[in-house]
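Here is how the chains run, residue by residue.
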Amino acid sequence: MPKSLFQKVWDAHTVRTLANGQTQLLIGTHLIHEVTSPQAFGMLRDLGLKVLMPHRTFATVDHIVPTDQLVEPYADPLAQAMMDEIRKNCADYGVTFFDRASGKQGIVHIVGPEQGITQPGTTIACGDSHTSTHGAFGAIAFGIGTSQVRDVLATQTMALGALKVRRIEVNGKLRPGVYAKDVILHIIRTLGVNGGTGFAYEYAGNVFAGFTMEERMTVCNMSIEGGARVGYVNPDETTFAYLKGRPYSPKGAAWDAAVTHWKSFASDANATYDDVVKINAADIAPTVTWGINPAQAISITENIPSPETATSDDDKVGIIEALAYMKLPAGAPIKGTKISVAFLGSCTNGRLSDFQEVAKYIKGRKVAPGVKAIAVPGSQIVGLQCEKLGLDKILVEAGFEWRAAGCSMCLAMNPDKLVGDQLCASSSNRNFKGRQGSTTGRTVLMSPLMVAAAAVTGVVSDAREVFHVVNS
Amino acid sequence: MALAKITSVTGRAVNVPGNDIDTDRIIPARFMKCVVFDGLGEFLFNDVRRNLDGTEKPHPLNEARFKKATILLSGANFGCGSSREHAPQAIAKYGLKAIIAENFAEIFFGNSTTLGIPCVTAAREDIAKIAAAVEADPKTDVTIDLVELEARFAGQSVKIAQRESARDALVNGRWDAIGELIDGKADVLKTAATLPYLAA
Ligand code: SF4
């Protein structure tokens, strides 16, 4: 019977059926970070358990690391305590730890692919909802809670019910100035924040076939913002070319065998899906959020919704709540909304190509007076690559601060935070109330180039106009 | 490991209305700077409950009459966003034992079930009925019956639902899967041996 990649990977990793009907699923690769793992190690200690496969467990630090302080102890003793804890846990249990001194530290979802740890046809789990990022390689990657982190540490498995699979095809040609970020914001806007509950999303169509791995990662990253726990793209030559020669990629004869094996996991041409959604690439515009969840998004040329245009009572309540929090006028254009902060980075858009694209256009331009602009590479390796290409200099000349790798202003666990009701043009993935560290702080999600456009104009802008983008 | 069989939960309820209540709102990220979960209960819904200076904002959890509640009522897509188990942990540490909502985000649902917190769904009108009874008399006892799949309160009853795997796990005392997962070790190693990337 023809199968989707999801079904093939699921079947290959099924250990057995549990008493409650769930599957005991083998997790081949376990990624951990400092926020959701210490309690899990604590549980292991309480239960007297070991890590079953320490060689399949990889750790890094990202959420709490200050991006402007490399020397320990960190100013925040709580952050230092978490740092000490993960270091100790990795040492005690024999887990590979990409510490800051290794030169390989970074946001866990950037480090895995970069090291070649993320591979097609595998199962991956991490105590972080954006684990779906790794699906870009044709892996089935789950965000999990801390008790499940404990389960995977102790047994290399977890209890899970199978998901349905929705294929989302994006065909046609993206218009100039439209990026992977816009594609996923458009998908979430179309299907809703909980449209994906119970589903794995298979992203397909010629747009994904033409995407680089970094673009595929940006889309898969935000699957969870549409409610889908898992998102993936079938592996192809682009995937293999990316993986070739990476530290953890198979070498020599093992490489060829691996590629053959990986190819066998791609969805069969006549696989059946629980749902199919088709999107026309030409319908996607540079997209920005105006509200407090990622589905509250519009194209840059549209006006902010008003309660009167609501499609349902729920929608109306949602609009009223969002506008009150965002302090935005109903019915007005989003374009021209004043910003205070511009943030480039995160596991969604903190990769080399993101900084390359921004540098290409921002060269010779200046961040508007009064705007705080920070650029934060997603990993130390990304940072180094940017520095080798001189991208950091271009950004700094334009008025951005160039920081050390970490989650930074994506969430409020390190010193990078919004203050008061500052409005931030952000390349990250969540615009929830208080997400960026101030209980009244406001987030407008957008692509990196749109962040750059907002930074230089001081207001939410159409990057196509600001930078005269004709083709991207 | 013997776990309690959770066949029902009875207690007072508190209604925290709204859809898409995300885990950042349930427990803001800055409170996750901890290496144990203890103490999280105090910060449940912190930023919608308290001003920066610590004074209280109007919120159901701040009302004296709802202080003894052990059941939380809410709207659709409860617990969306981050996978942080800190969210259900904060709920549990606060003293809440079960949640009735229109539906739940996937990861939150799984995390809660693993902690033995039943997350059951009910129709919006039915949740409103429970909320109305609780509003009229906060001392109203609400019973979530996972065997009969109904919620009983103030002489009324409404239908509730729960995914069968979770219901089965709760009522049979196997909501924390770790024991069963450990028991499967021989099969785990067998499956691992079939996958080239897992060779040590
Ligand atoms: S960058 Fe943001 S979304 Fe990504 S792992 Fe860090 S905190 Fe989470």
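Each remark here, short or long, concerns the structure printed above.
Per chain, residues are indexed from 1 in the order of the written sequence. For naming, the first written chain is A and the first written ligand is 1, with later ones following in the order written. Where local features are concerned, this predicted model is filtered to residues with pLDDT of at least 70; where side-chain atom pairs are given and counted, the filter is 80 or more; whole-chain, interface and lining totals use all residues. As a rule here, side-chain values cover all heavy atoms of the structure and leave hydrogens and water aside.

What follows deals with the overall build of chain B. Looking only at helices and strands, one finds 8 helices and 8 strands in chain B. Taking 2.2 N^0.38 as the reference for a compact globule, 200 residues should give roughly 16 Å; the C-alpha atoms of chain B span a radius of gyration of 18 Å, in line with that estimate. Once the C-alpha set of chain B is aligned to its principal axes, its extents read approximately 60 × 45 × 25 Å. We call a residue buried when its accessible area falls under 20% of the maximum for its residue type, exposed when it is over 50%, and partly exposed in between, using a 1.4 Å probe and counting protein chains only. A burial count over chain B gives 57% of its 200 residues as buried. Any two residues whose heavy atoms approach within 4.5 Å are treated as being in contact. For chain B, the proportion of contacts with a sequence separation of at least 24, taken over those separated by at least 6, is 66%. Accessible surface, chain B: about 8,000 Å² in total, of which carbon and sulfur atoms supply 53%. When the 24 positive and 26 negative side-chain charges of chain B are each reduced to one mean point, those points stand 3 Å apart. The way it works is that DSSP assigns letters per residue, a run of H or I at least four long becomes a helix, a run of E at least two long becomes a strand, and they are numbered from the N terminus. Each radius of gyration is computed over the set of C-alpha atoms, and the globule rule expresses the reference value as 2.2 Å times the number of residues to the power 0.38. Reported accessibility uses the Shrake-Rupley method at a 1.4 Å probe radius. Residues are deemed covered only where the shown protein chains occlude them. Lys and Arg are tallied as positive, Asp and Glu as negative. Neither His nor the chain termini are counted. By convention, the point assigned to a charge is CZ for Arg, NZ for Lys, CD for Glu and CG for Asp.

Here, proximity means that at least one heavy atom of the residue falls within 4 Å of the molecule or strand. The ligand sits among His63, Ile107, His109, Asp128, His130, Ser346, Cys347, Cys407, Cys410, Leu411, Asn429 and Arg435 of chain A. Here the residues of the shell around the ligand sort into 5 nonpolar, 5 polar and 2 charged. Throughout, the ten residues Ala, Val, Leu, Ile, Met, Phe, Trp, Tyr, Cys and Pro are labelled nonpolar, Asp, Glu, Lys and Arg are labelled charged, and all others, Gly among them, are labelled polar.

Residue and element names in this part refer to chain B. Two strands are counted as paired when DSSP detects at least two bridges linking them. Ordered in space as β1-β6-β7-β8, the 4 strands form an open sheet in which the pairing is antiparallel. The sheet is open, and its two borders are formed by β1 (8-11) and β8 (156-159), each paired with just one other strand. Averaged over all pairs of adjacent strands, the angle between their axes in this sheet comes to 15 degrees, without regard to strand direction. Across 4 bridges, strand β6 (residues 142-145) lies against strand β7 (residues 150-153) in antiparallel orientation. Looking across to β7, one finds that aspartate 145 is bridged to glutamate 150. What counts as an axis is a line fitted to C-alpha atoms, over the stretch in contact for a helix, and the angles between N-to-C directions run from 0 to 180 degrees. Against the sheet, helix α5 (residues 124-136) touches β6, β7 and β8, its axis set at about 150 degrees to β8.

Within the secondary structure, glutamine 24 of chain A is located in strand β2 (residues 23-26). The exposure class of glutamine 24 of chain A is buried, given its relative accessible area of 0%. Here the alpha-carbon distance between glutamine 24 of chain A and leucine 160 of chain A, two residues 136 residues apart in the chain, equals 6.5 Å. Sequence-distant contacts of glutamine 24 of chain A, defined by excluding residues within four places in its chain, comprise His13, Thr14, Val15, Arg16, Leu18, Thr157 and Met158 of chain A together with Glu180, Leu181, Gly184 and Val188 of chain B. Any pair of N or O atoms that falls within 3.5 Å is considered a polar contact. Within protein, one atom must be able to donate a hydrogen and the other to accept it, and sequence-neighbouring residues count only if both atoms are side-chain atoms. A distance of 2.8 Å separates polar atoms of two side chains, one belonging to glutamine 24 of chain A and the other to arginine 16 of chain A. In this structure the side chain of glutamine 24 of chain A is engaged in a polar contact, spanning 3.0 Å, whose partner is the backbone oxygen of leucine 181 of chain B.

It is worth spelling out the nonpolar core at this point. Residues and elements named next belong to chain A. Buried residues of nine kinds, namely Ala, Val, Leu, Ile, Met, Phe, Trp, Tyr and Cys, make up a nonpolar core once their side-chain atoms join them within 4.5 Å. Counting 106 residues, the largest nonpolar core has Phe142 and Phe467 as the members making the most contacts within it. The element that contributes the greatest number of residues to this core is helix α16 (residues 448-457), accounting for 8 residues. Here phenylalanine 142 is in contact with Trp10, Leu25, Ile27, Ile124, Ala125, Cys126, Thr131, Met158, Leu160, Leu163, Arg229 and Val230, once residues within four sequence places are set aside.

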